[in-house]
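Architecture and fold: a report
Residues per chain, in single letters:
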Amino acid sequence: MSAVIAPEMGMSLISFTAGDIQILDFSRTDLFLKYRKGLGPLILPHFNEEGFIPKVEESIFPHIGYLKNDGVKHPFQHGIGRYVGWYPEASENTITGFIEGSMETNGYTFKELAGFDFKAAVTYTVIEGALEVHFSIDGEKPVASGIHYYYNLVNRNTAKLEIPESEGRVRTIEFNRSLNDVLKPISVNSKRQDDFFKVLKEKHVKNYSYCTLKTDKYQLQTVFTANGKPEDVFDSLVVFSPENAGFVCIEPISYIPGEGAVKKINSGTIYLNPLSL
């Protein structure tokens with residue numbers, strides 16, 4: 001498994017491979033470069049178009065024009081984190097990016113763009129062939145965090161997403177319609193004994209939720225904290241895939257979209273376990 005992170009472009013995941021299989025939808029690379037609508041951008045410190053809208057000189061933020069053409073009114077949809085450079089610290093298998101309200105871009109502080117002061121760190125770590133994504137975000141007002149990675153469906157007609165609903169029961173989502181579903185994660189204690197879930201047990205990770213994307217070329221398990229302290233869990237799972245699109249976004253989010261963020265601290269963890277076929 002290989003992951004490539006770009007701190008200068010929002011601490012985004014820009015390549016994610018299992019064997020020789022690219023899991024991200026590379027056909028959207030140009031859209032990512034223009035306005036972060038592809039590859040692997042983050043969500044923080046807020047989600048979608050809710051809340052404060054800053055007044056900025058749009059000409060110095062070229063991505064805003066592309067958002068407007070896409071029908072998006074907010075100049076920093078899904079939070080400013082994906083549109084700014086992060087300060088990175090890296091070791092062999094880990095990279096952490098830091099941003100805070102006092103940092104600046106194009107003459108504006110991040111605090112001015114977000115509408116409140118905050119600090120955030122995101123750490124990517126390779127563990128046993130999987131990618132761990134850990135958030136640590138603290139705001140003077142409620143914050144939100146999550147991932148918004150665009151996964152390649154390979155073949156929309158045969159791909160499916162499986163989500164455990166209870167012991168022995170699995171919900172299957174097929175891509176025969178437009179999807180923008182907000183799901184309530186169900187905490188499970190998996191008895192699976194494959195290597196990845198053994199690693200989670202060794203790390204004392206329990207009461208998590210997970211789902212499995214199955215395509216013709218790879219499978220991807222998305223595992224995330226779903227029960228415990230409010231600041232440590234993801235309250236919703238968004239599944240987004242427009243009709244006939246070649247991608248799906250599987251997004252653990254720290255709060256429920258549409259209800260407004262309520263937590264001033266988020267520190268959840270997501271694990272992405274890719275399996276090549």
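Small disclaimer: the values here were computed from a predicted structure and weren't measured.

Summing up its helical and strand segments, the protein has four helices and 21 strands in all. In terms of overall dimensions, the protein is globule-like: its C-alpha atoms have a radius of gyration of 18 Å, near the 19 Å expected for 277 residues. Projecting the C-alpha coordinates of the protein onto the three principal axes gives extents of approximately 50 × 40 × 40 Å. The buried share of the protein, reckoned over its 277 residues, is 53%. Residue pairs in contact within the protein that sit at least 24 positions apart in sequence constitute 63% of those at least 6 positions apart.

Here we come to the sheet that holds strand β2 (residues 12-18). Ordered by their spatial adjacency, three strands build an open sheet running β1-β2-β3, and the pairing between neighbours is antiparallel. If you trace the sheet from one side to the other, it starts and ends with β1 (2-6) and β3 (21-22), each paired once. Here β2 runs beside β3; their pairing, made up of two bridges, is antiparallel. What sits directly across from Ala18, in β3, is Ile21.

For any two aromatic rings, the description comes down to two numbers: the centre-to-centre distance and the angle of the planes. Scanning the entire structure with this criterion turns up eleven aromatic pairs. Each ring, one from Phe76 and one from Tyr83, has its centre 5.7 Å from the other, and the planes form 75°; the classification is edge-to-face. Neither Phe76 nor Tyr83 differs from the other in exposure class; each is buried. When the centroid spacing of 6.1 Å and the interplanar angle of 85° are considered together, the rings of Phe224 and Phe234 count as edge-to-face. Linking Phe224 in strand β17 (residues 218-225) with Phe234 in the loop between β17 and β18 (236-241), this pair joins segments that are ten residues apart in sequence. Classification of Phe234 by relative accessible area gives buried; the value is 2%. Stacked on the ring of Phe32, the Lys or Arg Arg36 has its end atom at 4.7 Å from the ring centre.

This part covers the nonpolar core. In terms of nonpolar packing, the biggest core is built from 65 residues, with Tyr124, Tyr149, Tyr151 and Leu213 touching the most fellow members. For Tyr151, the contacting residues outside a window of four places in its chain are Ile23, Leu24, Asp25, Leu213, Tyr218, Leu220, Gly246, Phe247, Val248, Ile250 and Leu272. One finds Val188, Val205, Tyr210 and Tyr271 within the second-largest nonpolar core, a separate group that totals twelve residues.

Pro45 follows Leu44 through a cis peptide bond whose omega is 0°. Considering the arrangement of structural elements, one finds Pro45 in the loop between β4 (42-43) and α2 (63-69). Phi at Met11 is positive, roughly 60°, even though this residue is not glycine. You can see Met11 is positioned in the loop between β1 and β2. Note on Met11: relative accessible area 0%, which makes it buried.

Bringing the side chain of Thr222 into the picture now. With respect to the element layout, Thr222 can be found in strand β17. Taking relative accessible area as the criterion, Thr222 reaches 0% and is therefore assigned buried. Leaving out residues up to four positions away in the same chain, Thr222 has contacts with Ser209, Tyr210, Cys211, Ile250, Pro252, Ile270, Tyr271 and Leu272.

Moving on to the pairing of strand β5 (residues 87-90). Pairing of β5 with strand β6 (residues 94-100) involves four bridges; the strand directions are antiparallel. Within β6, the position partnered with Pro88 by the bridge is Gly97. Following β5, the chain reverses through three residues before pairing antiparallel with β6.

Cut-offs applied
Residues numbered from 1 in each chain as written. Predicted model: local features only at pLDDT ≥ 70, side-chain atom pairs only at ≥ 80, totals over all residues. Heavy atoms only, no water. Helix = DSSP H or I, 4+ residues; strand = E, 2+ residues; numbered from the N terminus. Rg over C-alpha atoms; globule rule 2.2 N^0.38 Å. Buried < 20%, exposed > 50% of the residue type's maximum accessible area, 1.4 Å probe, protein only. Contact = heavy atoms within 4.5 Å. Pairing = 2+ DSSP bridges. Phe/Tyr/Trp six-rings, centres within 6.5 Å; stacked < 30°, edge-to-face > 60°. Lys NZ or Arg CZ within 6 Å of the ring centre and 35° of its normal. Core = buried A, V, L, I, M, F, W, Y, C linked by side-chain atoms within 4.5 Å.

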